[in-house]
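Working through the structure, step by step
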Amino acid sequence: DLAIDGADECDSNLNCIKGGGGCLTQEKIVAYSAKTLVIVADCSKDQTILGTKWTKGVPIEVIPMAYKMVQNKLLELGSTAANLRQAKAKAGPCVTDNGCFIIDAVFPVDAMKEPEKLENSIIGIPGVVCTGLFVGMAAEAFFGKSSTEVVRRKRNN
């Protein structure tokens, strides 16, 4: 009933970018299955617009055979960079627990101001399994500051 998770970044409506660690599809399934999603993160992740501090791009999980076509379509959608994420401990691309690849796609600020529209555009590309945009999923968030202070925010409906 309750899912508690971190985020790479949250905007003023608690839309989130998640998946920096590579587990976005499974995290999205858990978040979707819960009645309530609560985000816990440090205050640097609390931003007005997604992509402000998290500049690595939106993680997008893709079927391996489609990654090149998806990269090209993301660029057509306005992505300024659509990079196949590389593994750190081995040669080649990062492979998710689902056997897929991850593309990190950077989008201009104007696109990031409308995360639901962006999510719908990306998910419509054949070969895309899931995006790291968690739109309208978090009910509230707790952001820790450098002191013992915690900022609590609820989603604006």
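Scroll up to find the structure.
Calculation rules
Residues numbered from 1 in each chain as written. Predicted model: local features only at pLDDT ≥ 70, side-chain atom pairs only at ≥ 80, totals over all residues. Heavy atoms only, no water. Helix = DSSP H or I, 4+ residues; strand = E, 2+ residues; numbered from the N terminus. Buried < 20%, exposed > 50% of the residue type's maximum accessible area, 1.4 Å probe, protein only. Contact = heavy atoms within 4.5 Å. Polar contact = N/O pair within 3.5 Å; in protein donor to acceptor, adjacent residues only side chain to side chain. Lys, Arg positive; Asp, Glu negative; His and termini not counted. Salt bridge = Lys/Arg side-chain N within 4 Å of Asp/Glu carboxyl O.

1. Here we look at the environment of threonine 52
- Along the chain, threonine 52 falls in the loop between strand S4 (36-42) and strand S5 (58-62).
- Under the relative-accessibility criterion, threonine 52 is labelled partly exposed at 42%.
- Spatially, the C-alpha atoms of threonine 52 and isoleucine 17 are 11 Å apart, while their sequence positions differ by 35 residues.
- With residues up to four places along the chain from it excluded, the contact list for threonine 52 reads Glu9 and Gln47.
- A distance of 2.5 Å separates a polar atom in the side chain of threonine 52 from the backbone oxygen of isoleucine 49.

2. Description of the side chain of glutamate 61
- Take glutamate 61: it is sitting in strand S5.
- Comment: no salt bridge for buried glutamate 61; closest opposite-charge side chain is arginine 85, at 9.0 Å.
- Only 2.5 Å separates the side chain of glutamate 61 from the side chain of threonine 25, close enough to count as a polar contact.
- At 2.7 Å, the side chain of glutamate 61 and the side chain of threonine 96 are in polar contact.

Without other data, these values stay purely geometric and don't point to any function.
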